[in-house]
There are 2 protein chains.
Amino acid sequence: MSDSPSKPRDATVQDVAREAGVSKATAARVLGGYSVTSPAVRDKVMTAARSLDYRPNEVARSMTTGRSRAIGVVVADVENPYFGLAVRGISDVARAEGFDVILANSGEDVERERDAIRMLLAKRVDGLIVTPASVHDTEHLRAVEASGRPIVLLDRYIPSMSVDTVVADDRAAGAAVARRLTEAGHRRIGYVSATACDDPVYRGAHQLHLSTVRDRIEGFLEAAAQAGGGGCERYVRLGVNRLGGGPKIVADLMALPDRPTALIASDNVVALELFKALRALGIAIPRDLSLIAFHDADWTSVTTPSITVVAQPCYELGSESAAALVRRARGDTTAGRRIILQTRLIERESVISPPR
Amino acid sequence: MSDSPSKPRDATVQDVAREAGVSKATAARVLGGYSVTSPAVRDKVMTAARSLDYRPNEVARSMTTGRSRAIGVVVADVENPYFGLAVRGISDVARAEGFDVILANSGEDVERERDAIRMLLAKRVDGLIVTPASVHDTEHLRAVEASGRPIVLLDRYIPSMSVDTVVADDRAAGAAVARRLTEAGHRRIGYVSATACDDPVYRGAHQLHLSTVRDRIEGFLEAAAQAGGGGCERYVRLGVNRLGGGPKIVADLMALPDRPTALIASDNVVALELFKALRALGIAIPRDLSLIAFHDADWTSVTTPSITVVAQPCYELGSESAAALVRRARGDTTAGRRIILQTRLIERESVISPPR
DNA sequence: TTGACAGATGAGACCGGTCTCATTATCCCT
DNA sequence: AGGGATAATGAGACCGGTCTCATCTGTCAA
């Protein structure tokens, strides 16, 4: 129908070639910047290209080459600044290396993760960076590995996969937090995570489908036990979802006969939930209860009291994984490596000795 | 070199056709789900496809069709949860409508915005959603509009462009904030924005290259003046960057002979900066100074005092823009519309009457 | 002068889908 | 039984690049 106004079909190599009076092959050589051409021809072609406002069609280009100069990133939660920072790390490195970044969001859902990977592969990205939503549900990840397309795991490792993986030292971080608290005198320490789980009561590491959470809890429990804080398993709570659940879990913990004297929040969203719930119950931090949170979210320094946190190398997590992926995309076929970055405990005001 | 192990080149329509014993055209019909085929053939082809683990090559597909069933999103700052939420709104709608989302980050930088748009167009996305980094530097956006590819502006409008635009009612929001403060008795009200600017002193709306900031400030100044708070222009400060600058700007404002009795923060990052800087100076909120911030970031409810904020319809900003874009991609050619969503003031504890 | 050789260009196949058009098989009706 | 409409399939062009291979020209050494 009304197609007359906006039909100035994009200029193609062929069009440019005609305008410049050379063959399609020659024009392509100039425009694609490959092979050799004479300065005179180069000039003619570039002039023609400009006058026709030629823009290369990446789709056609990547169909023939099989490569797209793009890397796909599947992130667990775009809304979380934690991953936002990692994405910036990825973008910066990718850009510097000449790769575009295509970002997709899984929302911690394996189904959507699968979809996102399918789409990215269909778009023929040169490689994938994924924060796997589950250590258990991984055939789709293995399929990528098997297909020979590079894949890098970000933030969470999968024990049975040997692809490049960039993670924080979560076990050490969990242990460091436990030590900080036991040294302050705490023996009954709780751990609260957002990770969804059928059963909010901790029954063992096998329930956990994220390596980060699993490692942190194991590191914490082990270090706590060593320091005389055995049996903290009973203070581990899972599945604090964003839409509440915090108040109930906090109330439960606080109603225990031997209630914990310190709490560890697995990420900044959980920390916020705990903070609110504790305040609502009239439990003062740190007087009645000490608190340490994972992730140095900017706001944790501004609450009253400010919150002692584990700072994680988010940006580096991203930049290292991008660097690894680029190496692979360029042909590196050495064995997969696991890059483990260190965390850092930032002391603030939310930890003191337990009340007697 | 070591190419022997991972060379099982992906199966193509041709391969499936051969395996199923039909022509390439027929196999394509079945696999592409178009035209008509007999149930028997359909069966044979699907079986063959499964056995060969066929996956369609979207690149080839979109080369012939010219469409990619993907929409490109250029967001100003992935790290900002404000946009994170909007992205979720976009994703949800896009997904429901059968579109993939390709996300790119401009970091509020026009140059990167241009790059991102070039890349997305080269990938032949079916449409673009952009949060323009500047109202002034817009030829690349106009070029998209002129090319006939749908483009929707998100969060910020460009007065001279008539494409679909989804924004919050920033002018009304600015006015509402001003009224809230003047009704509490404030007459000297400051406004602090992160928007970069050559000159941190406000000289007029023309310096501002973001419609959001401009509208908010204009709405604020107008409403303040009406209520007897004229001359607040001198309390407007721009360019609080993330890496400090907050302390200096706050110190400057507080050193003025007639220092402001209330401050408005243009977004939650600025609010955080102000909060820290004020605390460092020993200025108590709300006793010495009232504070209202834009964006209901989750942490604003947990500070002491909690912060009165303007809640913005982030998710809806995203979902509406995606809906608009999908409409366009499906062929709607009616005139561009501007969709204006309302904000809401959430009362908390950071506003009281000014000290005498 | 001639032949080897490098540099520059052209012709055309190819990537993996979609889609048009022609052909064949099937069915229904008079 | 014959003819026209319809359904199902095949053959092959096409999208816009890349890339191989052949051709042509000019230079230089023998």
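Each chain carries its own residue numbering, running from 1 in the written order of its sequence. Chain letters start at A and ligand numbers start at 1, both assigned in the order the entries are written. At least 70 in pLDDT is required for a residue's local features to be given in this predicted model, at least 80 for side-chain atom pairs to be given and counted, and no such filter applies to totals for whole chains, interfaces and linings, which use all residues. Each side-chain value is worked out from all heavy atoms of the structure, with water and hydrogens disregarded.

Neighbouring residues are identified by heavy atoms, a residue being near a molecule or strand if any of them is within 4 Å of it. For DNA strand C, the set of nearby residues contains 26 residues, the closest of which are A:Thr26, A:Arg29, A:Val41, B:Val13 and B:Thr64. The protein-proximal atoms of DNA strand C, defined as those within 4 Å of the protein, are 52% sugar or phosphate. Under the rule applied, a polar contact is a pair of N or O atoms within 3.5 Å (in protein, one hydrogen donor and one hydrogen acceptor; residues adjacent in sequence only if both atoms are side-chain atoms). One nitrogen or oxygen atom from the side chain of A:Arg29 is found 2.7 Å from a base nitrogen belonging to DNA strand C. Secondary structure elements are defined from DSSP: runs of H or I of at least 4 residues count as helices, runs of E of at least 2 residues count as strands, and each element is numbered from the N terminus. At the level of secondary structure, the elements contributing two or more residues to the surface near DNA strand C comprise helix H2 (24–32) and helix H4 (58–65) of chain A together with helix H2 (24–32) and helix H4 (58–65) of chain B. Ranked by residue count, the leading element in the surface near DNA strand C is H4(B), at five residues. Its residues assigned to classes, the surface near DNA strand C shows 12 nonpolar, nine polar and five charged. Gly falls in the polar group here, along with every residue not listed as nonpolar (Ala, Val, Leu, Ile, Met, Phe, Trp, Tyr, Cys, Pro) or charged (Asp, Glu, Lys, Arg).

Attention shifts here to the protein's contact with DNA strand D. Taken together, 27 residues lie near DNA strand D, and A:Val13, A:Thr64, B:Thr26, B:Arg29 and B:Val41 sit nearest. Sugar and phosphate atoms constitute 51% of the interface atoms of DNA strand D, taking the interface as everything within 4 Å of the protein. Backbone polar atom of A:Val13 to a phosphate oxygen of DNA strand D: 2.8 Å apart, as the coordinates give it. Side-chain polar atom of B:Thr26 to a phosphate oxygen of DNA strand D: 2.5 Å apart, as the coordinates give it. A total of five residues in the surface near DNA strand D trace back to one element, the largest contributor, which is H4(A).

Here the focus is the domain arrangement of chain A. What fixes the domain bounds is an automatic or database domain assignment. If you check the domain split of chain A, you get domain 1 (13–56), domain 2 (68–168 + 314–342) and domain 3 (170–312). Look at where the C-alpha atoms of domain 1 of chain A and domain 2 of chain A centre, and you get two points 37 Å apart.

Right, let's talk about the relation of the copies chain B and chain A for a bit. There are two copies of the chain, and a rotation about an axis plus a shift along that axis relates them. Overlaid copies result from least-squares superposition on C-alpha atoms, with residues included only where pLDDT is at least 70 in both. Mapping chain B onto chain A calls for a screw motion: a turn of 180° about the axis and a shift of 0.0 Å along it, with 0.1 Å RMSD after fitting. Here the two chains are linked by the operation of a two-fold rotation axis. Same-surface contact between copies: 96% of interface residues of chain B are shared with the interface of chain A. When checking whether two residues touch, look at their non-hydrogen atoms; a contact exists if any pair is within 4.5 Å.

Below, the discussion takes up the sheet that holds strand S7 (residues 236–237) of chain A. A sheet is described by the order of its strands in space; here six strands give the open sequence S7-S6-S8-S9-S10-S12 (chain A), paired in mixed fashion. The open sheet has two free edges, formed respectively by S7 and strand S12 (344–346) of chain A, since each of these has just one partner strand. Pairs of strands are assigned from DSSP output, requiring at least two bridges between the strands.

Facing 45 residues of chain B, the contacting portion of chain A comprises 45 residues. Overall, the association of chain B and chain A removes approximately 4,400 Å² of surface from exposure, summing both partners, and the carbon and sulfur fraction of that is 55%. Among the residues of chain B in contact with chain A, B:Val59, B:Glu79 and B:Val302 are the three that bury the most area, contributing 15% of the side total. Only one rule defines a salt bridge in this text: a Lys or Arg side-chain nitrogen within 4 Å of an Asp or Glu carboxyl oxygen. One salt bridge in this structure joins B:Arg124 and A:Asp10, with 3.5 Å as the shortest N-O distance. Applying the counting criterion to the chain B and chain A interface returns nine residue pairs in polar contact (both at pLDDT 80 or more). Going through the elements one at a time, H4, helix H5 (81–96), strand S2 (100–105), helix H6 (110–122) and helix H11 (268–280) of chain B are the ones with two or more residues in the side of chain B that touches chain A. It is H5(B) that contributes the most residues to the side of chain B that touches chain A, eight residues altogether. Class assignment for the residues of the side of chain B that touches chain A results in 20 nonpolar, 10 polar and 15 charged. Here the quantity called buried area is the accessible surface, traced with a 1.4 Å probe, that two parts lose on coming together, added over both.

What follows is about the sheet that holds strand S7 (residues 236–237) of chain B. Residue and element names in this part refer to chain B. On the basis of which strands lie adjacent, the open sheet formed by six strands has the order S7-S6-S8-S9-S10-S12 and mixed pairing. Both outer strands of the open sheet, S7 and strand S12 (344–346), are each paired with one neighbouring strand and no more. Relative to strand S8 (residues 262–265), strand S6 (residues 189–192) runs parallel, the two being bridged by four bridges. Opposite valine 192, over in S8, you have alanine 265 as the bridge partner. Only the stretch in contact is used when a helix axis is fitted, and all axes are lines through C-alpha atoms; the angle between N-to-C directions ranges over 0 to 180 degrees. In the packing of helix H8 (residues 170–183) onto the sheet, the strands contacted are S6, S8, strand S9 (290–294), strand S10 (308–311) and S12, and the crossing angle to S9 comes to about 165°.

With that settled, consider the pattern of salt bridges. When the charged atoms of two side chains lie near each other, side chains of opposite charge can form a pair. All names here are of chain B. Going through the model one piece at a time under the given rule, you end up with 51 salt bridges over all chains. Ionic pairing is found between aspartate 115 and arginine 118, a salt bridge with its closest N-O pair at 2.7 Å. Of this pair, aspartate 115 and arginine 118 are both found in helix H6, three residues apart, which corresponds to roughly one turn of the helix. The buried label goes to any residue with under 20% of its type's maximum accessible area, the exposed label to any with over 50%, and the partly exposed label to all in between, with areas taken from a 1.4 Å probe on protein chains only. Looking at aspartate 115, the relative accessible area reads 23%, which means it is partly exposed. Owing to a relative accessible area of 48%, arginine 118 belongs among the partly exposed residues under this scheme.

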